[in-house]
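Listed below, chain by chain, are the residues.
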Amino acid sequence: MTNTDERVRLWSPVCEAVAALLAPYAEVVLHDVRGDRVLGVWNPMSGRGPGAPSLLGELDRLAPSPGGVYGPYEKLLADGRRLSSVSAVLRDPGGEPSAVLCVNLDRTPLEQAAALLAAFAAPSASRPEALFEQDWTERVQQIVGAYVREHGRPVERLTREDRLAVLAELDRAGVFTVRRAPSVVAGALRTSRSTLYALLAELRRSRP
């Protein structure tokens, strides 16, 4: 920047650092609160330049904010892009407002990434049950996984009562009619086969 204003010389390294870190998605603007004009713009996105009107309004009408930082709040560009913006009131040695530093972050890449991840996360078609109806190991994983997600506890933290409830569901699904089922279920529940057999015996004793 060639601006000779002392505030530009003082704050230019900060503005350049923020703009460089978030390039090319952030605009950094330094405003003169006394003259209501733009002192400098780094990575301009809104079409403003040094000397343009700031149109900030009266700072004394702002509600108090810790450290004089406001936001993030939302702004829009003329092309429809949404921005997340923060503003910081910079004060002189006497404590009076001297400048306002604004950072405007283009949210477009974040929104595109979120949409892409959401598309990958959601199944695009219903599960073809005919492919899985004979796969009892898939059924084990589905029942155990559904219980873990519903109760918000990892398998390693399931209590004895939790494991009994899961085994009851697996038993109702007919999983234990398969000869190799106990070893697979023990692996899914992160427990030993001897513990699994003891839990199964307890479960069946509790039934009429």
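Each remark here, short or long, concerns the structure printed above.
Residues numbered from 1 in each chain as written. Predicted model: local features only at pLDDT ≥ 70, side-chain atom pairs only at ≥ 80, totals over all residues. Heavy atoms only, no water.

**Quick notes on the overall build of the protein chain**
- The helix and strand inventory of the protein chain stands at seven helices and five strands.
- Reading the helices (α) and strands (β) of the protein chain from amino to carboxyl end gives α-β-β-β-β-β-α-α-α-α-α-α.
- By sequence separation, contacts in the protein chain at least 24 residues apart represent 44% of the contacts at least 6 residues apart.
- Within the structure as shown, the protein chain displays about 13100 Å² of accessible surface, and the carbon and sulfur contribution to it stands at 57%. (Helix = DSSP H or I, 4+ residues; strand = E, 2+ residues; numbered from the N terminus. Contact = heavy atoms within 4.5 Å. Areas by Shrake-Rupley, 256 points an atom, 1.4 Å probe, with all protein chains shown as cover.)

**Focus on helix H7 (residues 193–205)**
- Its 13 residues place the ends of H7 18 Å apart at the C-alpha level, agreeing with the 18 Å of an ideal helix rising 1.5 Å per residue.
- Listed as buried for H7 are Leu-196, Leu-199, Leu-200 and Leu-203. The buried residues of H7 occupy an angular sector of 100 degrees when projected down its axis, which confines them to one face. H7 presents Ser-194 and Arg-205 as exposed residues on the side facing more than 90 degrees away from its buried surface.
- As for H7, its buried residues are in contact with helix H5 (160–172) and helix H6 (181–188). (Expected span 1.5 Å × (residues − 1). Buried < 20%, exposed > 50% of the residue type's maximum accessible area, 1.4 Å probe, protein only. Arc of directions from axis to C-beta.)

**Quick word on the nonpolar core**
- In this structure, Val-140, Val-144, Leu-167, Leu-170, Val-185 and Leu-189 are the most contacted members of the largest nonpolar core, which totals 24 residues.
- For this core, the secondary-structure elements that each account for two or more residues are helix H4 (136–151), H5, H6 and H7.
- By size, the runner-up hydrophobic cluster in this structure holds 13 residues, among which are Ala-19, Leu-30, Ala-99 and Val-103. (Core = buried A, V, L, I, M, F, W, Y, C linked by side-chain atoms within 4.5 Å.)

**With respect to the packing of H6 against H7**
- Contact geometry of H6 with H7 gives a least axis separation of 9 Å together with a crossing angle of 105 degrees. Here H6 lies roughly perpendicular to H7, going by the angle between them. Contacts between H6 and H7 involve Pro-182, Ser-183, Val-185 and Ala-186 on the former and, on the latter, Arg-193, Leu-196 and Tyr-197.
- Of the residues contributing to the contact of H6 with H7, the split by class is five nonpolar, one polar and one charged. (Axes fitted to C-alpha atoms, helices over the stretch in contact; angles between N-to-C directions. Parallel < 35°, antiparallel > 145°, perpendicular 65-115°, else oblique. Nonpolar A, V, L, I, M, F, W, Y, C, P; charged D, E, K, R; others polar.)

**Things to note about the pairing of strand E3 (residues 69–76)**
- In the sheet, E3 pairs with strand E4 (residues 82–91) via six bridges, with the strands oriented antiparallel. When the sheet's bridge partners are listed, Leu-76 is paired in E4 with Arg-82.
- In this antiparallel pair of consecutive strands, E3 and E4, the connection spans five residues, and Gly-80 shows a positive phi of 95 degrees. (Pairing = 2+ DSSP bridges.)

**So, unusual backbone geometry**
- Between Ala-23 and the following residue, Pro-24, the backbone shows a cis peptide bond with an omega angle of 0 degrees.
- With respect to the secondary-structure elements, Pro-24 resides in the loop between helix H1 (6–22) and strand E1 (26–32).
- With omega at 5 degrees, the peptide bond leading from Gly-71 into Pro-72 counts as cis.
- You can see Pro-72 is positioned in strand E3.
- One non-glycine residue, Asp-36, lies in the positive phi region at around 50 degrees.

**As for the side chain of Arg-7**
- Inspection of the secondary structure assignment puts Arg-7 in helix H1.
- Note on Arg-7: relative accessible area 14%, which makes it buried.
- A distance of 2.7 Å separates the side chain of Arg-7 from the side chain of Asp-32, its partner in a polar contact.
- In this structure, Arg-7 is in contact with Ser-12, Leu-30, Asp-32, Arg-34, Arg-37, Leu-39, Ser-98 and Ala-99, ignoring residues within four places of it in sequence. (Polar contact = N/O pair within 3.5 Å; in protein donor to acceptor, adjacent residues only side chain to side chain.)

**Brief notes about the pairing of strand E2 (residues 37–42)**
- For E2, the buried fraction is high: five of the six residues fall into the buried class.
- Bridge analysis of E1 against E2 gives five bridges, and the strand direction is antiparallel. Along E2, the bridge assignment pairs Val-28 with Trp-42.
- Taking the residues that link successive antiparallel strands as the turn, the E1-E2 hairpin has four residues, and the phi of Asp-36 there is positive, at about 50 degrees.

So yeah, pure geometry; function would need other evidence.
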